Amino acid sequence: MKTSLDTYDVLPEGMRAYIRHYGFNFNRKAFDEAVRTMKRMNPSNGKKEKIIPVPKEKVTEILASHGVVLEHDTLYNAAYVYNMGMADCLGSSIPDELHLAKHVKDVLDDPDGSEELPFRYWLQKRVALGQPIEWEDMI
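Reading guide: rules and limits
Here the residue numbers are simple positions, counted from 1 along each chain's written sequence. Only residues with pLDDT of at least 70 get local features here, since the model is predicted, and only at 80 or more are side-chain atom pairs given and counted; chain-wide, interface and lining totals rely on the full set of residues. Just so you know, side-chain values use all the structure's heavy atoms and leave hydrogens and water out. Classification of residues uses two cut-offs on accessible area relative to the type maximum, computed with a 1.4 Å probe and protein chains only: under 20% is buried, over 50% is exposed, and between them is partly exposed. For helices the rule is a DSSP run of H or I covering at least 4 residues; for strands it is a run of E covering at least 2, with both sets numbered from the N terminus onward. Any two residues whose heavy atoms approach within 4.5 Å at even a single point are treated as in contact. Any pair of nitrogen or oxygen atoms within 3.5 Å is treated as a polar contact; in protein, a donor-acceptor pairing is required on top of that, and neighbouring residues in sequence qualify only through side-chain atoms on both sides. For Phe, Tyr and Trp, where Trp contributes only its six-membered ring, two rings pair if their centres lie within 6.5 Å, and the inter-plane angle classes them as stacked under 30 degrees, edge-to-face over 60, or tilted in between. Note on terminology: a nonpolar core comprises buried Ala, Val, Leu, Ile, Met, Phe, Trp, Tyr and Cys residues joined through side-chain atoms within 4.5 Å. We define a salt bridge as a contact between a side-chain nitrogen of Lys or Arg and a carboxyl oxygen of Asp or Glu at a distance within 4 Å. Think of each axis as a best-fit line through the C-alpha atoms, taken over the contacting stretch in the case of a helix, with angles from 0 to 180 degrees between the N-to-C directions. When describing relative orientation, an angle under 35 degrees is termed roughly parallel and one over 145 degrees roughly antiparallel, while 65 to 115 degrees is termed roughly perpendicular and anything else oblique. If you view the pair so one helix is near and one far, a crossing is left-handed when the near helix is turned anticlockwise from the far one by less than a right angle, and right-handed when it is turned clockwise. Here the term charged refers only to Asp, Glu, Lys and Arg, the term nonpolar to Ala, Val, Leu, Ile, Met, Phe, Trp, Tyr, Cys and Pro, and the term polar to all other amino acids, Gly among them.

### Observations concerning helix H2 (residues 28–36)
Piece 1. Buried within H2 we find Ala30, Phe31, Glu33, Ala34 and Val35.
Piece 2. Buried residues in H2 make contact with helix H1 (13–22), helix H4 (77–88), helix H6 (117–128) and helix H7 (135–138).
Piece 3. A distance of 3.1 Å separates the backbone nitrogen of Lys29 from a side-chain oxygen at the start of H2, and that oxygen is part of Asn27.

This is the structure:
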């Protein structure tokens with residue numbers, strides 16, 4: 001089993017620099033890194049396969065085409081949520097593109113949530129899986 005990275009009590013300097021610049025939000029490089037490894041289960045053969053990431057500009061178009069207006073989006077957060085929903089839920093608990101667009105709004109505009117939640121989720125997932133992040137590459 002991989003060692004969880006939360007066993008360390010000192011934040012890497014690169015991570016501190018990233019947070020100073022972007023907060024707990026996805027910039028383009030962090031978004032690219034996050035979606036690069038996303039997989040979905042292929043229902044026809046039961047095997048995991050990489051997704052083809054949907055870029056931010058296309059996500060923006062899709063949301064607009066369904067009348068979804070975000071109040072709390074920063075940098076690439078909506079694009080991450082869209083791609084994660086596509087990988088993990090589309091065709092299961094999220095039946096189609098319209099509902100995926102609404103899911104993005106629900107996550108980012110949650111009245112008792114935080115627009116930083118998607119980045120924190122990704123970060124904690126990487127920590128829990130023992131997958132280090134090359135922060136210097138993200139800046």
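### Observations regarding the environment of Arg120
Piece 1. Examined against the element boundaries, Arg120 turns out to sit in helix H6.
Piece 2. Residue classification places Arg120 among the partly exposed residues on the basis of a relative accessible area of 36%.
Piece 3. Expressed as a C-alpha distance, the spacing of Arg120 and Phe26, which sit 94 residues apart in the sequence, is 9.7 Å.

### As for the side chain of Asn83
Piece 1. Looking at the secondary structure, you find Asn83 in helix H4.
Piece 2. Apart from the residues within four sequence positions on either side, Asn83 is in contact with Phe31, Val35, Met38, Ile51, Pro53, Val54 and Val59.

### Describing the packing of aromatic side chains
Piece 1. Summed over the entire model, instances satisfying the criterion amount to 10 aromatic pairs.
Piece 2. Between Phe26 and Tyr80, the aromatic rings sit 4.3 Å apart at their centres with planes inclined by 20°, giving stacked as the arrangement. A residue pair is termed long-range when its members are at least 10 positions apart, and Phe26 in the loop between H1 and H2 and Tyr80 in helix H4 qualify at 54 residues. Each member of the pair Phe26 and Tyr80 is classed as buried.

### Quick notes on unusual backbone geometry
Piece 1. Not every positive phi belongs to a glycine, and Leu75 is a case in point at roughly 50°.
Piece 2. Position of Leu75 relative to the elements: it lies in the loop between helix H3 (56–65) and H4.

### Side note on the nonpolar core
Piece 1. Phe26, Tyr80, Tyr82, Phe119 and Trp135 are the most contacted members of the largest nonpolar core, which totals 36 residues.
Piece 2. Of all the secondary-structure elements, those providing two or more residues to this core are H1, H2, H3, H4, helix H5 (97–108), H6 and H7.
Piece 3. For this core, the element with the most residues is H4, which contributes 8 residues.

### Here we look at the pattern of salt bridges
Piece 1. Tallied over the entire structure, the rule returns 9 salt bridges.
Piece 2. Its salt-bridge partner being Asp109, residue Lys105 comes within 2.7 Å of it at the nearest N-O pair.
Piece 3. Each member of the salt-bridge network shares a partner with another, and the members are Glu13, Arg16 and Arg20.

### A short note on the packing of H4 against H6
Packed helix pairs are characterised by how far apart their axes lie and by the angle those axes make with each other.
Piece 1. Between H4 and H6, the shortest axis-to-axis distance is 9 Å and the interhelical angle comes to 55°. For the element pair H4 / H6, the angle class is oblique. Viewed along their axes, H4 and H6 form a crossing whose handedness is left-handed. Contacts between H4 and H6 involve Tyr80, Val81 and Met84 from the first element and Pro118, Tyr121 and Trp122 from the second.
Piece 2. Within the contact of H4 with H6, the residues separate by chemical class into 6 nonpolar, no polar and no charged.

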